[in-house]
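Structural overview
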Amino acid sequence: MIVLPCRHEAKAALPWFGGHFTGILEVGEGKSRLSAAAPAGLRSFLYNVSAIVSLSMPGYIVSAEATHHAPVDVRTPSFFAEIGSTKEQWVDLKAGEAVARAILALGPEELPVFLGFGGGHYVQRQTELIFNSRIAFGHMFSSYQVPDLDLEAVEIARESSNATYAYIDRKSLRSAERKRLEGMVEEIGLPMLKAQEIRARFSPSDAI
């Protein structure tokens, strides 16, 4: 597994820790490119850094992000581990140590892996499911990315995440977008579960 620590920049300027997988979507045969994801690694990182935040860094937000930017050709499972969102946090030694400790404490598990679709850039529903059930997410795509998804891209996402399930944030998508996604996910043979089904099947009482 490759972990890439880096800084995260956002106009909201909120103190933030998070992570994401990498890839670029473009409609058309062979245009979408996605690096191999490390779902359990990202989950472990989010848990570890969240534990540090709860103990000693109030005010920081922890979340996953949708898949975005390069590199697009990393074949070893990988993720970006980030400090956000301004220079104030980037030069904060305590924030840097929190990310370093969270990375050094990674303890990936064998967990069910989902592809995630819908929501904002910070994939709120998927983040909540990571923290409230025993699952991990591979590539996640926000609502604004859904128009750029085709069947080939969804299949690449499944393969590069080693995913066996899919989750769609249904309320964040228009009916036509949701139905198109559901058709593609069904065509590649991924079972779709709703949030309540995920929590029931992969009980939060067993979450680490």
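Up top is the structure.
So, how was this worked out
- Residues numbered from 1 in each chain as written.
- Predicted model: local features only at pLDDT ≥ 70, side-chain atom pairs only at ≥ 80, totals over all residues.
- Heavy atoms only, no water.
- Helix = DSSP H or I, 4+ residues; strand = E, 2+ residues; numbered from the N terminus.
- Rg over C-alpha atoms; globule rule 2.2 N^0.38 Å.
- Buried < 20%, exposed > 50% of the residue type's maximum accessible area, 1.4 Å probe, protein only.
- Contact = heavy atoms within 4.5 Å.
- Areas by Shrake-Rupley, 256 points an atom, 1.4 Å probe, with all protein chains shown as cover.
- Pairing = 2+ DSSP bridges.
- Axes fitted to C-alpha atoms, helices over the stretch in contact; angles between N-to-C directions.
- Parallel < 35°, antiparallel > 145°, perpendicular 65-115°, else oblique.
- Nonpolar A, V, L, I, M, F, W, Y, C, P; charged D, E, K, R; others polar.
- Core = buried A, V, L, I, M, F, W, Y, C linked by side-chain atoms within 4.5 Å.
- Expected span 1.5 Å × (residues − 1).
- Polar contact = N/O pair within 3.5 Å; in protein donor to acceptor, adjacent residues only side chain to side chain.

This brings us to the overall build of the protein. Each helix and strand counted, the protein has seven helices and nine strands in total. Relative to its length of 208 residues, the protein is compact, with a C-alpha radius of gyration of 16 Å against a globular reference of 17 Å. The C-alpha extent of the protein, read off along each of the three principal axes, is 45 × 40 × 30 Å. Relative to its full complement of 208 residues, the protein shows a buried share of 52%. Here the analysis covers contacts within the protein between residues at least 6 apart in sequence; of these, 81% occur between residues at least 24 apart. Here the protein has roughly 9800 Å² of accessible surface; of this, 53% comes from carbon and sulfur atoms.

This paragraph deals with the sheet that holds strand 5 (residues 61–64). One open sheet accounts for four strands, arranged 1-6-2-5; its pairing is mixed. Here the strands that pair on one side only, and so sit at the sheet edges, are strand 1 (2–9) and strand 5. Within this sheet the neighbouring strands show an average axis-to-axis angle of 20°, counted without direction. Bridge count for strand 2 (residues 16–20) against strand 6 (residues 78–85) is five bridges, and the pairing is antiparallel. Residue pairing in the sheet places Trp 16 in a bridge with Gly 84 of strand 6. Packing of helix 1 (residues 39–56) onto the sheet brings it into contact with strand 2, strand 5 and strand 6, and relative to strand 2 it is tilted by some 175°. Relative to strand 6, helix 3 (residues 93–104) is tilted by about 160°, and along the sheet it contacts strand 1, strand 2 and strand 6.

Relative to the helices and strands, Phe 117 resides in strand 7 (residues 113–117). On the accessibility criterion, Phe 117 (0% relative accessible area) is buried. Taking the C-alpha atoms as reference points, Phe 117 and Met 140, 23 residues apart in sequence, are found 5.8 Å from one another. Residues within four places of Phe 117 in sequence aside, it is in contact with Gln 126, Phe 141, Leu 149, Val 154, Ala 166, Tyr 167, Ile 168, Asp 169, Leu 181 and Val 185.

Attention now goes to the packing of helix 1 against helix 4 (residues 124–132). Look at helix 1 against helix 4: their axes get within 10 Å of each other, and the N-to-C directions meet at 80°. As judged from the angle between their axes, helix 1 and helix 4 are roughly perpendicular. Only Ile 130, Phe 131 and Asn 132 of helix 4 make contact with helix 1, whose side of the interface consists of Arg 43, Leu 46, Tyr 47 and Ser 50. Here the contact of helix 1 with helix 4 is composed, by residue class, of four nonpolar, two polar and one charged.

This part takes up the nonpolar core. Considering soluble globular proteins, one finds that nonpolar side chains tend to be buried as a cluster. By size, the foremost hydrophobic cluster in this structure holds 38 residues, and its most contacted members are Phe 17, Phe 45, Met 57, Phe 79, Phe 114, Phe 137 and Ile 198. At the level of secondary structure, the elements contributing two or more residues to this core comprise helix 1, strand 5, strand 6, helix 3, helix 4, strand 8 (136–141), strand 9 (165–168) and helix 7 (195–201). Tallying contributions element by element places helix 1 first for this core, with seven residues. Beyond its immediate chain neighbours, meaning those up to four positions away, Phe 17 contacts Val 49, Val 53, Met 57, Tyr 60, Ile 61, Val 62, Ser 63, Glu 82, Ile 83, Ala 95, Ala 98 and Val 99.

Here helix 3 contains twelve residues, and its C-alpha end-to-end distance of 16 Å stays within 8% of the 16 Å for a straight helix at 1.5 Å per residue. Along its buried surface, helix 3 packs onto strand 1, strand 2, helix 1, strand 6 and helix 2 (87–90). Taking the backbone nitrogen of Lys 94 as reference, a side-chain oxygen 2.9 Å away marks Asp 92 as the first, capping residue of helix 3.

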